[in-house]
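Report on the structure
Okay, here's what each chain looks like letter by letter:
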Amino acid sequence: MKKLILSLAVMFSCLAAFGQREIISMDWDVVKEIVKEDPDDVRELVSRLSAPTLDTTLTYNDRIIAFYGQSLLSNGKEAALVDDMSKLYSQKDYVNALGKAREALAINPLNLEALDRAGMCIALLIESGDTSYSKDEAKQYFNRAMRIYNTIAMTGLGDEEYPFCVTSVEDEYEFMRNYLELYEYESQALVGFCDVFTLKETSEYYSDKKIYFDATRPLEMLAKALGQ
């Protein structure tokens with residue numbers, strides 16, 4: 001772990017913005033090197049970030065290593081399960097959708113879409129009168145997702161110079177809806193390595209008309225899927 005901690009000094013640079021606002025810029029090449037050299041240390045950080053009760057000793061550097069490193073460790077192996085989950089959820093088959101979400105989270109405990117749907121499935125099942133689920137269980141999924149949203153928020157400002165860093169296109173939608181309360185957009189375009197949304201309306205949490213996401217990892221996964 002000492003080796004991992006020392007590497008953080010060269011991995012990230014903190015940038016002041018919006019007065020007291022600071023961001024921690026992401027470097028995928030360095031994250032890949034850390035995952036390659038110290039995968040068990042990364043898994044330990046993932047476990048701590050995923051715990052039912054927040055480990056308050058985790059720094060944002062730790063969270064970043066955990067979230068983005070887990071994407072490299074799982075390498076999209078949960079994607080098919082997440083797709084199945086989404087279909088079942090849209091069909092209002094919440095019991096089986098929850099089952100798929102849990103399977104996906106067993107592979108990648110930090111998959112945002114699976115965390116959100118797992119929590120929603122439980123909430124909707126409770127609302128329907130099913131007493132075999134608890135609000136505390138749903139809350140655990142939502143709390144874990146919120147930790148990830150906060151982590152993504154630390155990586156950028158959402159502008160062209162400092163885009164938010166994500167691990168998938170789904171992260172972009174989840175982050176906009178559930179963290180920034182941005183529900184409608186006019187257009188979406190790929191500009192270089194950024195996915196850019198032109199918004200129909202802003203919110204109290206985000207006031208610019210455009211929001212930029214660093215799509216380095218999603219593009220890498222797309223190239224892999226296409227065999228490039």
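What counts and how
Residues numbered from 1 in each chain as written. Predicted model: local features only at pLDDT ≥ 70, side-chain atom pairs only at ≥ 80, totals over all residues. Heavy atoms only, no water. Helix = DSSP H or I, 4+ residues; strand = E, 2+ residues; numbered from the N terminus. Rg over C-alpha atoms; globule rule 2.2 N^0.38 Å. Areas by Shrake-Rupley, 256 points an atom, 1.4 Å probe, with all protein chains shown as cover. Lys, Arg positive; Asp, Glu negative; His and termini not counted. Charge placed at Lys NZ, Arg CZ, Asp CG, Glu CD. Core = buried A, V, L, I, M, F, W, Y, C linked by side-chain atoms within 4.5 Å. Buried < 20%, exposed > 50% of the residue type's maximum accessible area, 1.4 Å probe, protein only. Contact = heavy atoms within 4.5 Å. Pairing = 2+ DSSP bridges. Axes fitted to C-alpha atoms, helices over the stretch in contact; angles between N-to-C directions. Parallel < 35°, antiparallel > 145°, perpendicular 65-115°, else oblique. Nonpolar A, V, L, I, M, F, W, Y, C, P; charged D, E, K, R; others polar.

Here we look at the overall build of the protein chain
When helices and strands are tallied, the protein chain shows ten helices and six strands. Its C-alpha atoms give the protein chain a radius of gyration of 18 Å, near enough to 17 Å, the size a compact globule of 228 residues would have. About 11,700 Å² of surface is accessible on the protein chain, with carbon and sulfur atoms providing 51% of the total. Here the protein chain holds 24 positive side-chain charges and 38 negative ones, and the gap between their average locations is 4 Å.

Describing the nonpolar core
Grouped together as the largest cluster of nonpolar side chains are 57 residues, with contacts concentrated most on Tyr68, Ile152, Phe164, Phe175, Ile211 and Phe213. In this view, Ile152 contacts Phe67, Tyr68, Leu112, Phe164, Cys165 and Phe175; residues no more than four positions away in its chain are not counted.

A closer look at the pairing of strand β4 (residues 185–191)
Pairing analysis gives six bridges linking β4 to strand β5 (residues 194–199), with the strands arranged antiparallel. Among the inter-strand pairings, Ser187 is bridged to a residue of β5, identified as Thr198. What sits between the antiparallel neighbours β4 and β5 is a turn of two residues, in which Gly192 has the positive phi angle 65 degrees.

Concerning the packing of helix α8 (residues 135–153) against helix α9 (residues 169–178)
It is at 11 Å that the axes of α8 and α9 come closest, and there the two elements cross at 100 degrees. If you check the angle between α8 and α9, you find them roughly perpendicular. Counting all contacts with α8, which are made through Tyr149, Ile152 and Ala153, the residues of α9 involved are Glu174, Phe175 and Asn178. Its residues placed into classes, the contact of α8 with α9 shows four nonpolar, one polar and one charged.

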